[in-house]
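Letter by letter, the chains look like this.
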Amino acid sequence: MKTWRDILNSSIHSSAALNAHFKSEHTSIDRVIATYPMRINEYYLNLIQREGDALWKQAVPDAAELEDPVCVEDPLDEENLSPVPNLVHKYPDRVLFLISSQCAMYCRFCTRKRKVGTDRMAITPQTIEAGLEYIRRHPQVREVLLSGGDPLLLSDTGLDSILSRLRAIPSVQVIRIGTRVPCTLPMRVTPALAALLKKYHPLYINTHFNHPAEITPESSAACALLADAGIPLGCQTVLLKGVNDHPEIMRELLLKLLQIRVKPYYLFQTDLTAGTNHFRTPTATGIAIMRSLIGHISGLAIPTYALDGPGGKGKIPLTPDYILDRGSDLIFENYRGERCTYPESGDGT
Ligand SMILES: *Cc1c(COP(=O)(O)O)cnc(C)c1O
Ligand code: SF4
């Protein structure tokens, strides 16, 4: 049987391999690949039904990546918010700790595409130890988010070594792993990996699905293994033009996530990342999608639609506005557009 490493090793990286698979002519993408690498593993490649579909758009380079007129390399100012390399300390009580430069696929819309999968992202035993040392010296850090790249592309041994050192820091209450592996390379989630992660509770995983076609028997099995190990699963979806910027598609995705025991956590407005401008939608599109969902489907399926403030200002929720008037009565409309009244208590005014 093929291991996850075999599947990863047979990934395609060039237009020649892509053209051979799809019997197509896409040579111009090699120019893009020279700046922003391509990696499409065999599993995800086989989910792509046809050129230009929602999965193709996420995986296959587009000439537009090199012609982005608006966006910037590091829109969230992560490099300036890093007290040591690969550790971003933006919020008071939690840090983002990048422990892998590799992913199972290089998403074309990646917010960290300036460095993920390239030699501009140097992760070494020294940067890992420096990150751990920073966390040891900052006991206000209650939660550590492991990200990258994808932490689950590390070997079991490598991951175990980082997690055990992190768990040995008494001030670290919660460990959170951000990984797209359950979606892009679900066979990486083995019983051995689930057993390893289970040793480090409370440990949360936020995964990343963007389209209902990504929810397959394989990805469902991966999420089941993790959920059965007691790991609460969340999902960080990115709102992407031509992929999921439609109420019907988003609804189907969110309801399918609930069925595989993944709780939608964030729906992200696309960051201003250089090379991703062609994926951006107006925020009004996202707000309209949220309005089409809230109240109409289970509240469990509703993520927070969030915008990550340019310049590292942090995330803010973007919520449909139901309030019509704030007087001595609060006047609002409900999810069906009916006008409602709630009399304020009068205290504190
Ligand atoms: C998004 C993010 C977090 C986590 O934010 P939550 O709202 O807790 O999910 C932490 N640090 C950085 C730098 C982030 O970008
Ligand atoms: S898996 Fe995440 S970090 Fe990796 S390329 Fe995709 S969006 Fe970027």
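Here the structure is a predicted model, which means the values were calculated and not measured.

> When you look at the layout of surface pockets in this model, what are you seeing that I'm missing?
Over the atoms rolls a probe the size of a water molecule, and in doing so it shows where empty space is left. Looking at the largest pocket, its volume works out to about 1100 Å³. For the lining of the largest pocket, the elements supplying multiple residues, two or more each, are β1 (87–91), β2 (94–98), β3 (143–147), β4 (174–178), β5 (203–207), β6 (233–238) and β7 (263–268). Partitioning the lining of the largest pocket into residue classes produces 23 nonpolar, 15 polar and twelve charged.

> How should I be thinking about helix α11 (residues 247–259) in this particular structure?
For an α-helix the count is 3.6 residues per turn, leaving residues at separations of three or four pointing the same way. Compared with an ideal rise of 1.5 Å per residue, which puts 13 residues at 18 Å, α11 spans 18 Å between its outermost C-alpha atoms and is within 8% of the ideal. R261 occupies a position one or two residues after α11 and carries a positive phi of about 65 degrees.

> Looking at this structure, how should I read the domain arrangement of the protein?
Quoted interface sizes are often the accessible area lost when the parts come together. The domain boundaries assigned to the protein delineate domain 1 (63–317) and domain 2 (321–349). Here the C-alpha centroids of domain 1 and domain 2 sit 36 Å apart. With four residues of domain 1 in contact, the opposing surface of domain 2 contributes four residues. On the domain 1 side of the contact with domain 2, R291, I294 and H296 bury the most area, a combined 82% of that side's loss. Connecting domain 1 to domain 2 are one salt bridge. A salt bridge links R291 to E333; the nearest nitrogen and oxygen atoms lie 3.3 Å apart.

> Honestly, a nonpolar patch on the surface in this entry has me stumped. Any pointers?
A contiguous nonpolar surface patch, about 210 Å² in accessible area, is contributed by V70, V72 and L272. Considering the arrangement of structural elements, one finds L272 in the loop between β7 and α12 (283–293).

Rules of the game
Residues numbered from 1 in each chain as written. Chains lettered and ligands numbered in written order. Predicted model: local features only at pLDDT ≥ 70, side-chain atom pairs only at ≥ 80, totals over all residues. Heavy atoms only, no water. 1 Å grid on protein atoms, 1.4 Å probe; cavity = no way out; pocket = protein on both sides within 12 Å on 5 of 7 lines; lining within 4 Å. Points joined across faces, edges and corners; volume = space filled by probe spheres on them. Helix = DSSP H or I, 4+ residues; strand = E, 2+ residues; numbered from the N terminus. Nonpolar A, V, L, I, M, F, W, Y, C, P; charged D, E, K, R; others polar. Expected span 1.5 Å × (residues − 1). Domains from an automatic or database assignment. Contact = heavy atoms within 4.5 Å. Buried area = accessible area lost by both parts, 1.4 Å probe. Salt bridge = Lys/Arg side-chain N within 4 Å of Asp/Glu carboxyl O. Patch = residues over 30% accessible without salt bridge, like charges linked within 9 Å, V, L, I, M, F, W, Y side chains within 5 Å. Areas by Shrake-Rupley, 256 points an atom, 1.4 Å probe, with all protein chains shown as cover.

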